[in-house]
Amino acid sequence: MQPDLLRSARAGFLQALPFLLVLVPFSLLFGVVATAAGLDVAQTMGFSVLVLAGASQFSALQLMTDHAPVLIVLASSLAINLRMAMYSASLTPLIGTAPAWQRALVAYVLIDQTYGLAMQRFERYPRLSVPERMAYLFGATPVLCLPWMGFTYIGATAGSLTPAGWPLDFAVPITFLAMIAPMLRTLAHVAAAGVAIVTALLLAGLPSGTNVLVAGPLGMVTGAVVEGWSARRRLRGRV
């Protein structure tokens, strides 16, 4: 590997390591909760290997436990994972010329933490070449994806040995706070997050987690409106 590519891959690997502090208990928790809900080890691992998205996995599991209709389970999981489409769209101008097999692999391993790290890196170093950007992504991926699968298996097979008093559920909010907080750098980001949070809380009484189906699109629309307003304001300032 060329020195610049190796440097980018090493940076991705090292910068992803702190997320293990929350990813490990998060994945353990999913393994424990999934088997406690009645899934066997193969079904639990199918979730983590095929879906590879903690938020939608927990949402689907909770809805299944609540005996929600299949369509609600699918719609809720799809709505939560629609953010991956937005991630892909924002990454396309940055890595769109990479070989098709590399883009296909990134499409599979793209998760919240990978995207957050990548965007911060690419914005900080805008002159990185496409191969360097891909090397960064592939350096971070093993740290973030393989432990998720491995510790899900440990949680599923050894969940009964986990003391009931261990508050493993702390990993869920901390994971997303660690990922989202550094990215709230503009008014549009803050407005989108604020509207989504407030809406989800106000509609928390809706059945089967449908508050998320409403809060997500409202947050995205708010962010788009505020971003457009900010762009027009900057444009007027230059005239």
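Our subject is the structure that appears above.
Source: prediction; values computed, not measured.

1. Looking at the overall build of the protein
- Counting its secondary structure elements, the protein contains 12 helices and zero strands.
- When each of the 239 residues of the protein is scored for burial, the buried share is 41%.
- Within the protein, contacts between residues separated by at least 24 positions form 76% of all contacts whose residues are at least 6 apart in sequence.
- Accessible area of the protein: about 13,000 Å², with a carbon and sulfur share of 72%.

2. Quick notes on the packing of aromatic side chains
- Summed over the entire model, instances satisfying the criterion amount to seven aromatic pairs.
- Taking 5.4 Å as the distance between ring centres and 70 degrees as the angle between the ring planes, the aromatic pair formed by Phe26 and Trp148 counts as edge-to-face. One end of the pair, Phe26, is in helix H2 (residues 20-36); the other, Trp148, is in helix H9 (residues 130-158), with 122 residues separating them in the sequence.
- Relative to Phe58, the ring of Phe30 has its centre 5.4 Å away and its plane inclined at 75 degrees; by these criteria the two rings are edge-to-face. Of this pair, Phe30 sits in helix H2 while Phe58 sits in helix H4 (residues 54-65), and the two are 28 residues apart along the sequence.

3. Some points on the nonpolar core
- Core analysis: the biggest nonpolar cluster contains 43 residues, and Phe122 and Leu144 have the highest contact counts within it.
- Here this core gets 10 residues from one element, more than from any other, and that element is H9.
- Ignoring sequence-local partners within four residues, the contact set of Phe122 consists of Leu91, Leu94, Ile95, Leu128, Arg133, Tyr136 and Leu137.

4. Description of the environment of Ala75
- Assignment of secondary structure puts Ala75 in helix H5 (residues 70-81).
- Here Ala75 falls in the partly exposed class, since its relative accessible area comes to 33%.
- Residues Ala75 and Thr210, 135 residues apart in the sequence, show an inter-C-alpha distance of 9.0 Å.

5. Regarding the side chain of Arg133
- Tracing the backbone shows Arg133 in helix H9.
- One buried charged residue, Arg133, forms no salt bridge at all, with the nearest opposite charge on Glu132 at 7.2 Å.
- When sequence neighbours within four positions are dropped, the list of residues in contact with Arg133 reads Leu94, Ile95, Phe122, Pro126 and Leu128.

6. Focus: the side chain of Asp112
- Here Asp112 is to be found in helix H8 (residues 112-124).
- One polar contact links Asp112 to Tyr87, side chain to side chain, over a distance of 2.7 Å.

7. Focus on the packing of helix H6 (residues 83-95) against H8
- It is at 11 Å that the axes of H6 and H8 come closest, and there the two elements cross at 30 degrees. In terms of orientation, H6 and H8 fall into the roughly parallel class. Of the two elements, H6 crosses H8, and the hand of that crossing is left-handed. Judged by residue contacts, Arg83, Met84, Tyr87, Ser90, Leu91, Leu94 and Ile95 of H6 engage Asp112, Tyr115, Met119 and Phe122 from H8.
- A class-by-class count of the residues in the contact of H6 with H8 yields eight nonpolar, one polar and two charged.

8. Topic: H4
- Across its 12 residues, H4 extends 16 Å between first and last C-alpha, which sits within 8% of the 16 Å expected from 1.5 Å per residue.
- Listed in full, the buried residues belonging to H4 are Gly54, Ser56, Gln57, Phe58, Ser59, Ala60, Leu61 and Leu63.
- Next to the buried residues of H4 lie H2, helix H3 (41-51), H5 and H9.

9. Some thoughts on the packing of H4 against H5
- At their nearest, the axes of H4 and H5 sit 9 Å apart, and the two run at 165 degrees to each other. Between H4 and H5, the angle falls in the class roughly antiparallel. Judged by the twist between their axes, the crossing of H4 over H5 is right-handed. Here H4 contributes Ala55, Ser56, Ser59, Ala60, Leu63 and Met64 to the contact with H5, which in turn contributes Ile72, Val73, Ser76, Ser77, Ile80 and Asn81.

10. A few points about the environment of Thr92
- Counting through the fold element by element, Thr92 comes out in helix H6.
- Sequence-wise, Thr92 and Arg103 are 11 residues apart; in three dimensions their C-alpha atoms are separated by 9.3 Å.

Scoring rules and cut-offs
- Residues numbered from 1 in each chain as written.
- Predicted model: local features only at pLDDT ≥ 70, side-chain atom pairs only at ≥ 80, totals over all residues.
- Heavy atoms only, no water.
- Helix = DSSP H or I, 4+ residues; strand = E, 2+ residues; numbered from the N terminus.
- Buried < 20%, exposed > 50% of the residue type's maximum accessible area, 1.4 Å probe, protein only.
- Contact = heavy atoms within 4.5 Å.
- Areas by Shrake-Rupley, 256 points an atom, 1.4 Å probe, with all protein chains shown as cover.
- Phe/Tyr/Trp six-rings, centres within 6.5 Å; stacked < 30°, edge-to-face > 60°.
- Core = buried A, V, L, I, M, F, W, Y, C linked by side-chain atoms within 4.5 Å.
- Lys, Arg positive; Asp, Glu negative; His and termini not counted.
- Salt bridge = Lys/Arg side-chain N within 4 Å of Asp/Glu carboxyl O.
- Polar contact = N/O pair within 3.5 Å; in protein donor to acceptor, adjacent residues only side chain to side chain.
- Axes fitted to C-alpha atoms, helices over the stretch in contact; angles between N-to-C directions.
- Parallel < 35°, antiparallel > 145°, perpendicular 65-115°, else oblique.
- Left-handed = near helix turned anticlockwise from the far one by under 90°.
- Nonpolar A, V, L, I, M, F, W, Y, C, P; charged D, E, K, R; others polar.
- Expected span 1.5 Å × (residues − 1).

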